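Given next are the chains, with one letter for each unit.
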Amino acid sequence: FFGKAILCGKTLGFLAVEKEEEKKEEKAPKKEKAQPAPAKKEEKPAEKKEEKNPLDLLPPTDFNFFDFKTLFVNATDKNEACDFFFKNFDANGFSVWKIDYIKAEGEGKILFLTNNLMNGFMQRLEHFRKYAFGVHGVYGEEGNYDISGMWVWRGTTQPAEIKELDSYEFHKFAQMDVNKEEDRAMIRQYWTGLNEDESVVNGKVARTVKYFK
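Residues numbered from 1 in each chain as written. Predicted model: local features only at pLDDT ≥ 70, side-chain atom pairs only at ≥ 80, totals over all residues. Heavy atoms only, no water.

Quick word on the overall build of the protein chain
Within the protein chain, the secondary structure is distributed over six helices and six strands. Starting at the N terminus and walking to the C terminus, you meet the elements of the protein chain as α-α-α-β-α-β-β-α-β-α-β-β. Counting the 213 residues in the protein chain, one finds 37% classified as buried. Across the protein chain, contacts joining residues at least 24 apart in sequence account for 71% of those joining residues at least 6 apart. As displayed, the protein chain offers around 15,400 Å² of accessible surface, 53% of which is attributable to carbon and sulfur atoms. (Helix = DSSP H or I, 4+ residues; strand = E, 2+ residues; numbered from the N terminus. Buried < 20%, exposed > 50% of the residue type's maximum accessible area, 1.4 Å probe, protein only. Contact = heavy atoms within 4.5 Å. Areas by Shrake-Rupley, 256 points an atom, 1.4 Å probe, with all protein chains shown as cover.)

Put into structure tokens, the structure is as follows:
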């Protein structure tokens, strides 16, 4: 014989170490997965309050402007519509204005070009329709046309819608006094002289006439 055989001494040592490591692994707490940070709520921009038109802040009026415009446009007899206007007009809540375009040199010679000038003026007042009514037109003869109109609007002065026009300085504004007979007669001329190439308004033949309503 070769003496006593010592079997697996080292192997048992390895097993003991492996068991210790297994215990450590079992005892070691499992690392939790990091939770994603909560998404930040998007802050909504503060809603802008719509600014009211100063004309909407004027004291109440008994003159129903919308009804008047509807009545006037649909009336077969415009003189009757004018009578209604003079009877019900509220001088504290509205005002009447005659508007004349101040021609530059060379303007007012050709009708269609003069019509273009008039249309441009009215188109730039689209946002003013709620507060105004007018009859605006081209009057005169070939080579000497004028642009003018008779308007009524909310308030007793010229509002921002008028003053902010890029062509404001090229117009003349004359406020009418509804209590004066001569001013009433002028208003009536413009508001009843609607027949193109026939009606005479302020001494001139109406060539192109349009409502602003």
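After that view of the structure, there is still more to cover.
Points about the nonpolar core
F68, F85, V96, M150, V152, I187 and W191 are the most contacted members of the largest nonpolar core, which totals 26 residues. Among all residues touching M150, those that are not within four sequence positions of it are V96, W97, K98, F133, G134, V135, M176, M186, I187, Y190 and W191. If you look at the next biggest cluster of nonpolar residues, it comprises 20 residues, including I99, Y131, V138 and F173. (Core = buried A, V, L, I, M, F, W, Y, C linked by side-chain atoms within 4.5 Å.)

What about the pattern of salt bridges?
Enumeration according to the criterion identifies nine salt bridges in this entry. Here R188 and D83 are joined by a salt bridge, their closest N and O atoms 2.9 Å apart. With R188 in helix α6 (residues 181-192) and D83 in helix α3 (residues 78-88), this pair connects stretches of sequence that are 105 residues apart. R188 sits in the partly exposed class, given a relative accessible area of 25%. (Salt bridge = Lys/Arg side-chain N within 4 Å of Asp/Glu carboxyl O.)

Brief notes about the confidence of the model for the protein chain
For the protein chain, mean pLDDT is 87; residues scoring 70 or higher make up 77% of the total. This stretch, residues 1-17, has a pLDDT under 50; its non-local contacts, to residues over four places away or in other chains, come to zero contacts. (pLDDT = per-residue confidence, 0-100.)

Overview of the side chain of K98
Mapped onto the secondary structure, K98 falls in strand β1 (residues 94-101). For K98, a relative accessible area of 11% gives the class buried. Looking at K98, its side chain comes within polar contact range of the side chain of D100, at 2.7 Å. With residues up to four places along the chain from it excluded, the contact list for K98 reads G149, M150, K172, F173, A174, M176, M186, Y190 and N202. (Polar contact = N/O pair within 3.5 Å; in protein donor to acceptor, adjacent residues only side chain to side chain.)

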